[in-house]
Amino acid sequence: MEKICLLLCRSGDTYDISELAESIKWKGRKGSAARSLSVSLADNANCRSNINVTEGNQLVFKYGKNELFRGMIMSQQQGSGRKMPVTAYDNGIYLSNNKDTFIYENKTAHDIFIDVCKRFGIKYSDVAGTAYKIPNLTKSKTTAWDVIQDALSQDYKTTGKRHYVMSSKGVLSLVKRQEKILEYMLESGVNLISCSYKRSIENIKTRLKILSDEDTAAAFKKDASLEKKIGIFQEIEQKDDNLSDAQLGDYINETLKEISTPEISLTAEAVGMPEAISGMGIYVRIPDLNISSKFYIDEDTHTFKGGGHTMSLKLNSVNE
C-alpha cells in the first residue's frame, strides 16, 4: 500500500499535514484548464493547519514516491464541525483566470501556447510541435485558456492530431495525445469494480457542407457507406476565409471523420492507478460486453481514504 504525503507550503516554510487529511479527491476533466485537489482536514484547537487562503498557500500531494499534484489553495471553509474542506488548483488555473485580447497571424498552436505562458509568467516546458500555421486567430477580451483551446481545435481539424495541456510539478506542458497511452489494462475480474457502457448515433452526421459568404457550397463531403445504413444527416458550417483550398480540403475531411463517428463511452469505477488521468489513453477489456479496445479518459476522480485508492473514470472511444 502506497503512503500518502500532503505538504503545506506557507510563508516560505513546508509542513507535513498528512495526519490531518481525512479524505482526498484529486480530479480533472477534458476541457478544464486545471486539475484540482479537494481535502477534508481535521480542524480543532489541537489539530490545526493554520491555512490562510489569501496568502497564496500551496499544497503538494504525493502518493508513494510520485508527486501527483502541486497547486495553490483557492478556497477554505471552517465551522462547528471541526473540519476544514480546502480546494487547490494546479497552475493551469492561470490560463482560465487571465483575460486579454489575442491577435495572431501565421502562428502554430504551439507558438500560441508559448506566447500565452510568457505573457502571464507561467512556467512551461516539453512543448510538442504542431505543424499547421493558423492564418489568423483573433480573440477579444477572452481567457488564455480559450485562445489555446481554439488554436488546438483548428490544428486538430486540419491535421487530425490531438494535443492537450498538462501540469506537472508546477510546470505546464503541451503534449501530443497519441503519445500518451498507458501500458495498463482496465479489466473485469481484475481491477474493474463496476461499469456502464453506451453506444449512440443521436448526434451523428453523414455529410458536411461548408458555405461561402454568399451561402453557396464552398466544399462538400459525405460518407456514402454510412448513409446506406442509416440515411442522410447533414451538418453545415460557414467557411473560414483564411483557409486555402488545400487547407479547406483537409479541414472537411477531418471534421467529417469526427462527426460521423458514433459516440462510444464508458464509465468505470476501478482500483486506483495514479497515471490514469484525463487526456491519457488506456486499454479496456470487458469480455461480457465484447469490449477489447483503446479508450481515452475524458474525466477522472481519484479518491484516497482510509488507506485505499479508487478511481471513477469517464472514457470515450475515438477514431484516431
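Residues numbered from 1 in each chain as written. Predicted model: local features only at pLDDT ≥ 70, side-chain atom pairs only at ≥ 80, totals over all residues. Heavy atoms only, no water.

Engineer: Looking at this model, I keep getting lost on the overall build of the protein chain. Mind explaining?
Structural biologist: A count of helical and extended segments in the protein chain gives 5 helices and 21 strands. Projected onto its principal axes, the C-alpha positions of the protein chain cover 75 × 50 × 35 Å. By the burial criterion, 43% of the 320 residues in the protein chain qualify as buried. For the protein chain, the proportion of contacts with a sequence separation of at least 24, taken over those separated by at least 6, is 63%. Entry remark: accessible area of the protein chain is about 16800 Å², with carbon and sulfur atoms responsible for 45%. Each charge class in the protein chain was averaged separately, 43 positive and 42 negative side chains, and the resulting centres sit 3 Å apart. (Helix = DSSP H or I, 4+ residues; strand = E, 2+ residues; numbered from the N terminus. Buried < 20%, exposed > 50% of the residue type's maximum accessible area, 1.4 Å probe, protein only. Contact = heavy atoms within 4.5 Å. Areas by Shrake-Rupley, 256 points an atom, 1.4 Å probe, with all protein chains shown as cover. Lys, Arg positive; Asp, Glu negative; His and termini not counted. Charge placed at Lys NZ, Arg CZ, Asp CG, Glu CD.)

Engineer: Help me understand the nonpolar core in this model?
Structural biologist: Where a protein is soluble and globular, its nonpolar side chains tend to be buried together. Grouped together as the largest cluster of nonpolar side chains are 44 residues, with contacts concentrated most on Leu-37, Leu-41, Leu-59 and Leu-186. With 30 residues, the next largest nonpolar core counts Ala-33, Ile-112, Tyr-132 and Leu-243 among its residues. (Core = buried A, V, L, I, M, F, W, Y, C linked by side-chain atoms within 4.5 Å.)

Engineer: What exactly am I supposed to notice about the environment of Gly-56 here?
Structural biologist: Looking at the secondary structure, you find Gly-56 in the loop between β4 (36–42) and β5 (58–63). Accessibility expressed as a relative area gives 31% for Gly-56, which makes it partly exposed.

Engineer: Could you clarify how one ought to interpret the pattern of salt bridges in this entry?
Structural biologist: Once the charged atoms of two side chains with opposite charge are near each other, the side chains can pair. Taken as a whole and judged by the stated rule, the model has 11 salt bridges. Measuring nitrogen to oxygen at the nearest pair gives 3.2 Å for the salt bridge that ties Asp-100 to Arg-119. Placement of Asp-100 in strand β8 (residues 99–107) and of Arg-119 in helix α2 (residues 109–119) is noted, with a sequence separation of 19 residues between them. A salt bridge links Arg-285 to Glu-187; the nearest nitrogen and oxygen atoms lie 2.8 Å apart. With Arg-285 in strand β19 (residues 281–286) and Glu-187 in strand β13 (residues 181–187), the pair connects residues that are 98 residues apart, well separated along the chain. Accessibility expressed as a relative area gives 35% for Arg-285, which makes it partly exposed. Here the salt bridges share partners, and the residues they tie into one network are Asp-100, Asp-115 and Arg-119. (Salt bridge = Lys/Arg side-chain N within 4 Å of Asp/Glu carboxyl O.)

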